[in-house]
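Topology and contacts: notes
Residue-level listing of the chains:
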Amino acid sequence: MKELLIERIANFSISPQLILESIKTNEGRLVVKGIVQRADTKNGNGRVYPKEVLAREVQKYKDTFIKENRGLGELDHPESPIINLKNVCHNIKDLWWDGDDVWAKIEVLTTPSGNILKELLLNGITVGISSRGMGSVKQLGETVEVQDDFELLCFDFVSTPSTQGAFMEVVKESMDY
């Protein structure tokens, strides 16, 4: 049976100076990049996402949500698989692989939740990024493997991540991307 799978992945800690630089060089937009998911690695929730399953879902996400400019995510995870537009804070602009890591380029929106996220970052608050999806899992010893029926829904910004060592960087459009 499919269940809501939430994975807290990466910490985002960005200096206020870099945030202001990003806004200046990106025509008023705050753009960040970093690792948002890892394949074949046990995360803080004890789950492992097989690379073939995650690769399929990343490609589907790129082909639909990113292509249609609706790679939206919320500030905090809701208890629902539905993305609530009044809580949207960012838009994923691109996803790509580097080894077993999935990276994203993310635009923080000027919505009420996006403004909260921006202010948290400006005040030096570290936040995490987390995937939200639907699927079933199978216990394999001390780990839990996400099964082939997994569907990636979105990535949300959260207070507590589960994957260690992944941090967001500010993107200066004219120089970095």
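First, a word on scope: everything that follows refers to the structure included in this document. (Residues numbered from 1 in each chain as written. Predicted model: local features only at pLDDT ≥ 70, side-chain atom pairs only at ≥ 80, totals over all residues. Heavy atoms only, no water.)

1. Concerning the packing of aromatic side chains
Under the criterion given, the structure shown has four aromatic pairs. For the pair Tyr61 and Phe65, a centre-to-centre distance of 5.0 Å together with 45° between the ring planes defines the contact as tilted. Residue Tyr61 and its partner Phe65 are located together in helix H2 (residues 51-66), separated by four residues, close to a single helical turn. Ring geometry for Trp96 against Trp103: centres 6.4 Å apart, planes inclined by 20°, an arrangement best described as stacked. According to the relative accessible area criterion, Trp96 is partly exposed, its value standing at 24%. Members of the aromatic cluster, joined through ring pairs, are Tyr61, Phe65 and Phe155. (Phe/Tyr/Trp six-rings, centres within 6.5 Å; stacked < 30°, edge-to-face > 60°. Helix = DSSP H or I, 4+ residues; strand = E, 2+ residues; numbered from the N terminus. Buried < 20%, exposed > 50% of the residue type's maximum accessible area, 1.4 Å probe, protein only.)

2. Section: the sheet that holds strand S9 (residues 143-146)
Strand order in the open sheet made by the three strands is S3-S9-S8, with mixed pairing throughout. A strand with exactly one partner marks an edge of an open sheet, and here the two such strands are strand S3 (47-48) and strand S8 (137-140). Direction of pairing for S3 relative to S9: parallel, over a ladder of two bridges. If you follow Val48 over to S9, its bridge partner there is Glu145. (Pairing = 2+ DSSP bridges.)

3. Description of the side chain of Glu57
As for its placement among the helices and strands, Glu57 is situated in helix H2. Using a relative accessible area of 2% as the deciding quantity, one classes Glu57 as buried. In terms of polar contacts, Glu57 uses its side chain to reach the side chain of Arg56, at 2.9 Å. With residues up to four places along the chain from it excluded, the contact list for Glu57 reads Phe150, Glu151 and Leu152. (Polar contact = N/O pair within 3.5 Å; in protein donor to acceptor, adjacent residues only side chain to side chain. Contact = heavy atoms within 4.5 Å.)

4. Here we look at helix H3 (residues 112-122)
One turn of the α-helix equals 3.6 residues, which is why residues spaced by three or four share an orientation. For H3, the set of buried residues is Ser113, Gly114, Leu117 and Leu121. The arc that holds the buried residues of H3, viewed along the axis, is 100°, so those residues lie on one side. Backbone geometry just after H3 places Gly124 at a positive phi near 75°. (Arc of directions from axis to C-beta.)

5. So, H2
Residues of H2 that are buried: Val53, Leu54, Glu57, Val58, Tyr61 and Ile66. Projected down its long axis, H2 shows its buried positions confined to an angular sector of 125°, all on one face. Tucked inside the fold, the buried residues of H2 contact strand S2 (30-38), strand S4 (72-74), strand S5 (88-98), strand S6 (101-108) and strand S10 (151-158).

6. Let's talk about the pairing of S2
Of all the nine residues making up S2, nine are buried; the element is thus mostly covered by neighbouring parts of the structure. When S2 meets S6, the two strands line up antiparallel, connected through eight bridges. Bridge assignment links Val31 to a residue of S6, and that residue is Glu107.

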